[in-house]
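Structure assessment
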Amino acid sequence: MLSRKPPMGFNTWNTFGEKISDSVIRETADAMVEMGLPDAGYEYLVIDDCWSLRDRDPVTGKIVPDPVKFPEGMKAVSDYVHSKGLKFGMYSCAGTRTCADYPGSFDHEYLDAETFAEYGADFLKYDFCYKPQSANGPLLYRRMGMALKACGREILFSACNWGCDDVETWIRSTGAHMYRSTGDINDNFRSFKDIALSQIDKLAYSAPGCFNDIDMLICGMYGSGNVANGGCTDEEYKTHFALWCMFSSPLMLGGDLRKLKDQPFILNLIKNRNLIRINQDEEGRPAVAVCRRDGDRVTFAKHLSNNEIAIMFANLNDDDGNCELFFDELGITAAGGYGLEMTECFTGENIGVKKEYMKRRIPAHGCEVFICKLSK
Ligand code: GLA
């Protein structure tokens, strides 16, 4: 089964935008392996928009890879990615044009799915720009979902309609394995905070087989790249990554992975075993906001397998302050006599067994995340 756990990998858009090429992809594949990312779970390398010429081939009707960006074609790139033990992802759009105005797959769904299968694609991100008036989202995603099933290759279907048209209510029925439930991220605190808070009421729709995708990660961009917009501090990237893990979002890295060897903080963050364990937990249960104070100091809880529970104290306010937890809200009653033995995910510190109520002082834009076990 595809997408039994939130998919993990890399996507070109956040850093490279239209500046993608054969060498960018090969160098990124090399960096992924050198930095040990496959061992941490990252497996897909996805090429986003801007990989083709502006028009289809007039004879075959196929989309044509840009010969300047990809002189050896897409199959050669795909073969290289596969030779590194990674999986290869492509991009298209449900409308007549992609968001950056390259050919979209509308009315070419079956031909394009076959073309992606010929490339050896394992993943397709499918956008929503230039949708004809006559068609709607369910129809268009159903079409490509079916075309992918018919194409003879197992391809993970990543829908991207930015959370429009009540997508959470119909997307699973199209065969999609993940779906964007938000607008586009850019590289600053306000952007990822707004995305996270906008998702609280949608978390329950995320489940094994089809996960809510809250967009590609910005960790390590530091204000440069295609979606750069001021950048984040390390503390903010930590909160960003932890929120994506708690929310069971696909973890699609968006920074320039070739720079990771000079970014030890980011490398440690995106390989943090505890956070990835929370994200990849086999039960795939959604997080829930259990306590929200003073605006945006939020405590999240997510049940894990083996009777563990993850708790995140996220201070999304602009000043330091307390995040709270009333154990009663988790179903842990005072009369029952139980508390939680709590181990912090970043420091590894075991803070012992806590009961009934606790608060943690969290710096502005910061967080703590605990993996907890019921204990007397
Ligand atoms: C949309 C998507 C982005 C990216 C761009 C490419 O905005 O939401 O993730 O794929 O299109 O043009």
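Everything numeric here is computed off the predicted structure, so don't read it as measured data. (Residues numbered from 1 in each chain as written. Predicted model: local features only at pLDDT ≥ 70, side-chain atom pairs only at ≥ 80, totals over all residues. Heavy atoms only, no water.)

1. Observations regarding the overall build of the protein chain
For clarity, the cut-off: By the criteria applied, helices consist of DSSP H or I runs no shorter than four residues and strands consist of E runs no shorter than two, each listed in order from the N terminus. Only protein chains enter the accessibility calculation, which uses a 1.4 Å probe. A residue is then buried if its area is under 20% of the maximum for its type, exposed if over 50%, and partly exposed in between. A contact between two residues is defined here by any heavy atoms of the two lying within 4.5 Å. The accessible surface values rely on the Shrake-Rupley method and a 1.4 Å probe; as for residues, cover is taken only from the protein chains in view. Charge counting follows a simple rule: Lys and Arg are positive, Asp and Glu are negative, and His as well as the terminal groups are ignored. For the purpose of locating charges, the reference atoms are NZ of Lys, CZ of Arg, CG of Asp and CD of Glu.
The helix and strand inventory of the protein chain stands at 10 helices and 16 strands. Dimensions of the protein chain, computed from C-alpha atoms along their principal axes, come out at roughly 75 × 45 × 35 Å. Of all 376 residues assigned to the protein chain, the portion counted as buried reaches 60%. A fraction of 71% describes how many contacts in the protein chain between residues 6 or more apart in sequence connect residues 24 or more apart. Element-wise, carbon and sulfur atoms account for 48% of the exposed surface of the protein chain, whose accessible area totals about 14700 Å². Separation of charge centres in the protein chain, based on 42 positive and 54 negative side chains, amounts to 3 Å.

2. Re the state of the cysteines
For clarity, the cut-off: Two cysteine sulfur atoms form a disulfide, by the criterion used here, when they sit within 2.5 Å.
Inspection of every chain in the model, using the stated rule, returns 1 disulfide. Between Cys-372, a cysteine without a disulfide, and Cys-345, which holds the nearest cysteine sulfur, the sulfur-to-sulfur distance is 8.4 Å. Residue classification places Cys-372 among the buried residues on the basis of a relative accessible area of 0%.

3. Things to note about the sheet that holds strand E6 (residues 178-180)
Short version of the rule: Only strands that DSSP links by at least two bridges are regarded as paired with each other. Interaxial angle, 0 to 180 degrees, is taken between N-to-C directions of lines fitted to C-alpha atoms, where a helix line uses only the stretch in contact.
Read across the open sheet, the 8 strands follow the order E7-E6-E5-E4-E3-E2-E1-E8; overall the sheet is parallel. Of all the strands in the sheet, just strand E7 (211-213) and strand E8 (251-253) have a single pairing partner and so form its edges. Across the sheet, the axes of successive neighbouring strands diverge by a mean angle of 25°, strand direction being ignored. Inspection of the sheet shows strand E4 (residues 123-127) paired to strand E5 (residues 156-159) by 4 bridges, in the parallel sense. Pairing of Phe-123 across the sheet is with Leu-156, part of E5. Across the face of the sheet, helix H2 (residues 22-34) comes into contact with strand E1 (8-11) and strand E2 (44-46) while running at roughly 155° to E2. Contacting E4 and E5, helix H6 (residues 137-150) crosses the sheet at an angle of about 165° to E4.

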